[in-house]
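Each chain, written out:
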Amino acid sequence: MLVIYMIKAWQLKLNKIIFQIKDVTYMDINQVLLQRIKMPLKSSFETSFGKVTEKDIIVVRVFSEDKVGIAESVAMPFPIYNEETTGTVWYMLEHFLIPQLLEKGVKHPRDVFDMFSYIRRNNMAKAALEMAVWDLYSKQNGLSLSAVLGGTRKEIEVGVSIGIEDNIDDLLIKVNHFLNEGYKKIKVKIKPGWDIEPLRAIRNKFGDDIPLMADANSAYTLNDKALLKELDTFNLMMVEQPLAHDDIIDHAKLQAEMKTPICLDESIHSVEDARKALEIEACKIINIKIGRVGGLTEAKKIHDLCEERDVPVWCGGMLEAGIGRAHNIAIASLSNFTIPGDTSSSSRYFNEDIIFPEVTLSKPGMISVPERPGIGFDINNELINKMIVNDKTFTKATMIS
Ligand SMILES: O=C(O)CCC(=O)C1=CC=C[C@@H](O)[C@@H]1C(=O)O
Ligand SMILES: [Mg+2]
């Protein structure tokens, strides 16, 4: 009996030592593959700054000896949501980020953010590689991405984002459709000339209780204060980024005069941005997009800061295909993601997704958090191969020589 006990104790000690060794050992990334794909959207998506008709994505894979980590870039094809594009993401990955990762190596995915911190901005490029390294790390440790990030939820609550429609009738049809699918938050895009009327029409038809919010994507200024204050009459969950993409000062002035909580999206690129915005009370809610803030490490830091300060967060979307959706599900499983995010089902935007199984609602308005190692989905390589417009492999040997 004593012998069995001693063997078990030794086994436990050994496992602990192996785990510690793993954390100080290099992750052994020896190859990176980039594949640029163009994926048609089921229907176009219009915001105050323009229309998107297809997703232009870079699928990033990082290889160690026996495992592959995967992620997708979220930049738009044009520099309008922020300054990055799919093209600039490719350039940054090819010329700066991948060579450095392969040359220096990392012991933990947290190191990737620090390694790239001397490079200003280009957050979506940094995030695409960093997220793939997190997936690899989870797979190397046999844990789900949610678990390694400290996620506690088995299911996440989700909403849906509706673009600017051609007319109010089309908008009401869409709202009705998504409410019937059970989504727990209806977000509608607004811009000058498409704001009070569509919101009033939604409230008139569906009542005061449906969870409704508006996203302006920086379409207003403080000169529109009277109109923005009128939004208070619609009992909105929040208004997202009403003012400039690089502002927090005017948002603080507006928040002081508005009842509706302001949520910041475009203005927040880092935990420091979040701290400053909260300190001057520029918002009461933060939308966390992993790509916008440079990866999962920084996304988690923003989440933790907000949790400490009792500020709710939710996970925003960039019309991601399945791989990006899977990363969003993992981060949204953290405890302070208390507001339904924009991660809708794969079928919201795509006829066929690049993962198996596709993301679906496990029950109305809910998505299950996968428990398998890594992002927890298989990759539909056949579909990816059909849509490739460019690809490139980088190996440690060729980078260092
Ligand atoms: O469904 C999603 O992925 C969210 C879509 C969405 O609302 C947005 C995607 C990309 C840029 C913006 O137009 C907008 C946002 O600001 O959140
Ligand atoms: Mg937004």
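What you see is a predicted model, and the numbers here were worked out from it, not measured in a lab.

The rules behind each value
Within any chain, residue numbers begin from 1 and follow the written order of that chain's sequence. To read the labels, note that chains go from A and ligands from 1, taken in the order they are written. Only residues with pLDDT of 70 or above have their local features reported here, since the model is predicted, and side-chain atom pairs are shown and tallied only from 80 upward, although totals for entire chains, interfaces and linings are computed over all residues. UniProt positions are given in the numbering used here, feature names are shortened, and annotations may be inferred rather than shown by experiment. Comment: elements are numbered from the N terminus, with helices defined as DSSP H or I runs of at least four residues and strands as E runs of at least two. Exposed residues have 12 or fewer other C-beta atoms within 10 Å of their own C-beta, buried residues have 20 or more, and residues in between are partly exposed; the C-beta atoms are placed from the backbone. We call two residues in contact whenever the C-beta atoms placed from their backbones are within 7 Å. Where each domain begins and ends follows an automated or database-derived domain assignment. Asp, Glu, Lys and Arg are counted as charged, while Ala, Val, Leu, Ile, Met, Phe, Trp, Tyr, Cys and Pro are counted as nonpolar; the rest, among them Gly, fall into the polar class. Think of each axis as a best-fit line through the C-alpha atoms, taken over the contacting stretch in the case of a helix, with angles from 0 to 180 degrees between the N-to-C directions. An angle counts as roughly parallel when it lies under 35 degrees, as roughly antiparallel when it exceeds 145, as roughly perpendicular when it falls between 65 and 115, and as oblique in every other case. If you view the pair so one helix is near and one far, a crossing is left-handed when the near helix is turned anticlockwise from the far one by less than a right angle, and right-handed when it is turned clockwise. Strands pair, by our definition, only if DSSP identifies at least two bridges between them.

### Points about the UniProt feature "domain: Mandelate racemase/muconate lactonizing enzyme C-terminal" (unreviewed entry) in the protein
UniProt records the feature "domain: Mandelate racemase/muconate lactonizing enzyme C-terminal" (unreviewed entry) for residues 168-261 in the present numbering. When the span residues 168-261 is considered, its composition is 41% helix and 11% strand, and the gap between its end C-alpha atoms is 25 Å.

### A look at the UniProt feature "active site" (unreviewed entry) in the protein
Here the UniProt-annotated "active site" (unreviewed entry) positions come out as Lys189 and Lys289. The residue Lys189 is located in strand β6 (residues 186-189) in this model. A count of 24 C-beta atoms within 10 Å places Lys189 in the buried class. Once residues within four sequence positions are removed from consideration, Lys189 is found in contact with Thr47, Ser48, Ile162, Gly163, Ile164, Asp215 and Asn217. Inspection of the secondary structure puts Lys289 in the loop between β10 (285-288) and α11 (296-308).

### Some remarks on the domain arrangement of the protein
Each domain of the protein was delimited in the assignment, giving domain 1 (28-142 + 381-400) and domain 2 (148-379). Distance between the C-alpha centres of domain 1 and domain 2: 23 Å. Tallying the contact residues gives 38 residues for domain 1 and 35 residues for domain 2. In terms of residue count, the dominant contributor to the side of domain 1 that touches domain 2 is helix α4 (residues 123-140) (11 residues). Looking at the side of domain 1 that touches domain 2 residue by residue, the classes come out as 20 nonpolar, 9 polar and 9 charged.

### Things to note about the packing of helix α6 (residues 168-180) against helix α7 (residues 196-206)
Two numbers describe how α6 lies on α7: the axes approach to 10 Å, and their chain directions differ by 50 degrees. Between α6 and α7, the interaxial angle falls into the category oblique. In this structure, α6 meets α7 at a crossing whose hand is right-handed. On α7, the residues that touch Ile168, Leu171, Leu172, Val175 and Leu179 of α6 are Glu197, Pro198, Ala201, Ile202, Lys205 and Phe206. A class-by-class count of the residues in the contact of α6 with α7 yields 9 nonpolar, no polar and 2 charged.

### Some words on the sheet that holds strand β15 (residues 388-395)
Spatially, 4 strands are ordered β3-β2-β1-β15 in an open sheet, and the strand pairing comes out antiparallel. Looking at which strands have only one partner, the edges of the open sheet turn out to be β3 (68-72) and β15. Each strand of the sheet is rotated relative to its neighbour by a mean of 20 degrees, with strand direction disregarded. Across 13 bridges, the pairing between strand β1 (residues 31-47) and strand β2 (residues 50-63) is antiparallel. Looking at β2, one finds that Lys38 is bridged to Asp56. Here helix α2 (residues 86-104) sits on the sheet in contact with β1, β2 and β15, set at roughly 155 degrees to β1. Of the strands in this sheet, β2 and β3 touch helix α12 (residues 322-331), which is tilted by about 100 degrees from β3.

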